[in-house]
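Analysis of the macromolecular model
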Amino acid sequence: MLNHIVLMGRLTRDPELRRTATGTAVATFSLAVDRDFANSTTGERETDFIDIVAWRNTAEFVSKYFTKGRMAVVSGRLQIRNWNDKDGNKRRSAEVIADNVYFGDSKRESSDNGYAPSYGNAAPANNYGYAAPVAPAPTSDFAMIEDEDSQLPF
């Protein structure tokens with residue numbers, strides 16, 4: 001059996017970090033994910049709002065480095081929960097249980113939009129979903145290369 005889902009979208013709200021009775025971290029948030037196609041009647045793209053649940057270190061990572069509006073890539077599995085509402089009606093909810101959460105935008109892009117976390121030039125202490133290395137600063141020996149096609153060896 002295979003149950004794997006990968007989503008890319010923007011957080012609709014700041015992640016909410018809670019702890020279970022045993023102290024296990026759990027973070028919940030929602031992603032706004034645009035559909036790849038436009039609605040045939042309106043001609044506009046529709047957006048799906050998908051609930052995400054992250055556990056343990058992934059939950060702590062998400063709550064520390066992600067905020068509302070930040071682009072995220074989530075990989076995990078789809079889970080359907082059955083529950084009863086206050087009137088006793090049976091309900092179902094779909095949510096994604098996140099195995100990994102990655103940055104979907106660069107630090108520079110997100111800081112230009114005003115919703116980036118601030119952690120200097122260093123990467124986060126853990127690597128839970130963080131895939132992009134931080135580029136080193138240019139040294140003082142840096143020199144521009146002339147862009148003339150006549151000097152190219154091919």
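Since this is a predicted model, take the numbers as computed values, not measurements.

This next bit is on the nonpolar core. Counting 20 residues, the largest nonpolar core has Phe29, Leu31, Ile52, Phe66, Val74 and Val101 as the members making the most contacts within it. At the level of secondary structure, the elements contributing two or more residues to this core comprise β1 (5-11), β3 (25-38), β4 (45-55), α1 (56-65), β5 (71-84) and β6 (90-103). What Leu31 contacts, discounting residues up to four positions off in sequence, is Leu7, Gly9, Arg10, Leu11, Thr12, Asp48, Phe49, Ile50, Ile52, Ala72 and Val74.

The sheet contact formed by β4 and β6 spans three bridges and is parallel. Each bridged residue has a counterpart across the sheet, and for Val53 the counterpart in β6 is Ile97. Looking at chain direction, β5 and β6 are connected through 13 bridges and run antiparallel. Bridging across to β6, Ser75 finds its partner in Asn100. Hairpin connection, β5 to β6: the antiparallel pair is bridged by five residues, and Gly88 has positive phi, about 85°.

Mapped onto the secondary structure, Asp105 falls in the loop between β6 and α2 (107-112). Among the polar contacts listed, one links the side chain of Asp105 to the side chain of Arg70, at a separation of 2.7 Å.

Although it is not a glycine, Arg56 adopts a positive phi angle of roughly 55°. Tracing the sequence through the fold places Arg56 in helix α1. According to the relative accessible area criterion, Arg56 is exposed, its value standing at 53%.

Turning our eyes to something else, we now look at the confidence of the model for the protein chain. Residues at a pLDDT of 70 or more form 69% of the protein chain, whose mean pLDDT is 81. Across residues 114-131, where pLDDT falls below 50, the model places 40 contacts with residues more than four positions away in sequence or in other chains.

Thresholds applied
Residues numbered from 1 in each chain as written. Predicted model: local features only at pLDDT ≥ 70, side-chain atom pairs only at ≥ 80, totals over all residues. Heavy atoms only, no water. Core = buried A, V, L, I, M, F, W, Y, C linked by side-chain atoms within 4.5 Å. Buried < 20%, exposed > 50% of the residue type's maximum accessible area, 1.4 Å probe, protein only. Helix = DSSP H or I, 4+ residues; strand = E, 2+ residues; numbered from the N terminus. Contact = heavy atoms within 4.5 Å. Pairing = 2+ DSSP bridges. Polar contact = N/O pair within 3.5 Å; in protein donor to acceptor, adjacent residues only side chain to side chain. pLDDT = per-residue confidence, 0-100.

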